[in-house]
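A look at the structure
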Amino acid sequence: MMPSDLFSVKGRIACVTGASSGLGRHAALTLARNGAQVVAIARRTGALETLAAGTKGHVHPLPADLANPDDIADIAAAAAQPFGAPDILINAAGVNLRQPADQVTRPDWDLTLTLNLSTPFFLAQALVPAMRERGWGRIVNFASLQSYRAFAAGIAYGASKGGIAQMTRAMAEAWSGSGITANALGPGFFRTELTAAVFADDALAARNAGQTCIGRNGESQDMDGPLLFLCSEASAYVTGQILMVDGGFTAK
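For the chain, the name recorded in an unreviewed UniProt entry is SDR family oxidoreductase, with Paracoccus onubensis as its organism. Per UniProt, the chain has the following entry under Sequence similarities (unreviewed entry): "Belongs to the short-chain dehydrogenases/reductases (SDR) family."

Written out as structure tokens, the structure reads:
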């Protein structure tokens, strides 16, 4: 198989959550530009419509609130309507409230764990039967530096992302025998809405860049190769893994 075929997502149907901004939006665009049909899910209708406008019909906007557990089955069903049942799921939606441990309330904790951990599982669970039927599927979760390290004011977010790492391995154990791989991307510091507070502090952003082996923070295009790898035939024998795309931050 030629390298261009190995990494191809042409003709695939992808569902991307958190697609209105940040790395979720970039993932949706990357897949669409490489030939996939993409259902883009987020709360903000306008942002989704803007995303879809320049993709020549490759992106279908699906406004939805992923923080409501009762809506997941309906969202999964709606995601299968525009192009057919998805065979790629990108769980990029997330929230980080950045609260010190003593200030976390039960509603804050529940929101973080629901959106960051429960929703990815139950959305995957709802989409797996169609993947299993065709014997092919790709689930890509979003892990984090905090899947492995404790950060200040990150106890709820860190708990959810530590859970993502283990859930990804458990998804692989449960579903990879049916041709469905489950892996996670672990971004380092990328400039997104979720990390706006970090990049607003120039000294902090510089310290983070200095912590990497490469010497800089991430740019959105740094995610393209790892994403296409995990969504294509190139990763057919890779499952249950967390691929850190962090410039070597976790290596130091």
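Continuing now.
A word on the packing of aromatic side chains
For the structure shown, the criterion picks out 5 aromatic pairs. Ring centres of Phe-7 and Phe-229 lie 6.4 Å apart, and the angle between their planes is 40°; on these two criteria the pair is classed as tilted. One end of the pair, Phe-7, is in the loop between α1 (3-6) and β1 (13-17); the other, Phe-229, is in helix α9 (residues 224-231), with 222 residues separating them in the sequence. Its relative accessible area of 38% is what places Phe-7 among the partly exposed residues. Through a chain of ring-to-ring contacts, the aromatic side chains of Phe-121, Phe-122 and Trp-175 assemble into a single cluster. Note that Arg-12 overlies the ring of Trp-136, its terminal NZ or CZ placed 3.5 Å from the centroid.

So, helix α8 (residues 202-211)
Residues of α8 that are buried: Ala-205, Asn-208 and Ala-209. In an axial view of α8, the angular spread of the buried residues amounts to 100°, which keeps them on one side of the axis. Those residues of α8 that are buried are in contact with α7 (196-199). For α8, the capping residue at the N-terminal end is Asp-201, with a side-chain oxygen 3.1 Å from the backbone nitrogen of Ala-203.

A word on the pairing of strand β6 (residues 180-187)
Of all 8 residues that make up β6, 8 are buried, and the element is covered over most of its length. Where burial is concerned, the two faces of β6 agree: the one with Ile-180, Ala-182, Ala-184 and Gly-186 and the one with Thr-181, Asn-183, Leu-185 and Pro-187 are both buried. Here strand β5 (residues 137-142) pairs with β6 via 6 bridges, running parallel. Its bridge partner being in β6, Arg-138 is matched across the sheet by Thr-181. Between β5 and its parallel partner β6, the chain crosses via helix α6 (residues 155-175), and the hand of that crossover is right-handed. Where β6 and strand β7 (residues 242-245) come together, 4 bridges link them in parallel fashion.

Looking at unusual backbone geometry
Within the chain, Lys-56 stands out as a residue other than glycine whose phi angle is a positive 55°. One non-glycine residue, Arg-98, adopts positive backbone phi at about 50°. Judged by its relative accessible area of 32%, Arg-98 is partly exposed.

As for the pattern of salt bridges
One pass over the structure, following the stated rule, counts 4 salt bridges. As a salt-bridge pair, Glu-233 and Arg-12 come within 3.9 Å of each other at their nearest N and O atoms. In this pair, Glu-233 is assigned in the loop between α9 and β7 and Arg-12 in the loop between α1 and β1, connecting sequence segments 221 residues apart. Taking the relative accessible area as the measure of exposure, Glu-233 reaches 30% and is therefore partly exposed. Measuring nitrogen to oxygen at the nearest pair gives 2.8 Å for the salt bridge that ties Arg-216 to Asp-222. By relative accessible area, Asp-222 is classed as partly exposed at 25%.

Rules of the game
- Residues numbered from 1 in each chain as written.
- Predicted model: local features only at pLDDT ≥ 70, side-chain atom pairs only at ≥ 80, totals over all residues.
- Heavy atoms only, no water.
- UniProt positions renumbered as here; feature names shortened; annotations may be inferred.
- Phe/Tyr/Trp six-rings, centres within 6.5 Å; stacked < 30°, edge-to-face > 60°.
- Helix = DSSP H or I, 4+ residues; strand = E, 2+ residues; numbered from the N terminus.
- Buried < 20%, exposed > 50% of the residue type's maximum accessible area, 1.4 Å probe, protein only.
- Lys NZ or Arg CZ within 6 Å of the ring centre and 35° of its normal.
- Arc of directions from axis to C-beta.
- Contact = heavy atoms within 4.5 Å.
- Polar contact = N/O pair within 3.5 Å; in protein donor to acceptor, adjacent residues only side chain to side chain.
- Pairing = 2+ DSSP bridges.
- Right-handed = clockwise from strand over helix to strand, strands pointing away.
- Salt bridge = Lys/Arg side-chain N within 4 Å of Asp/Glu carboxyl O.

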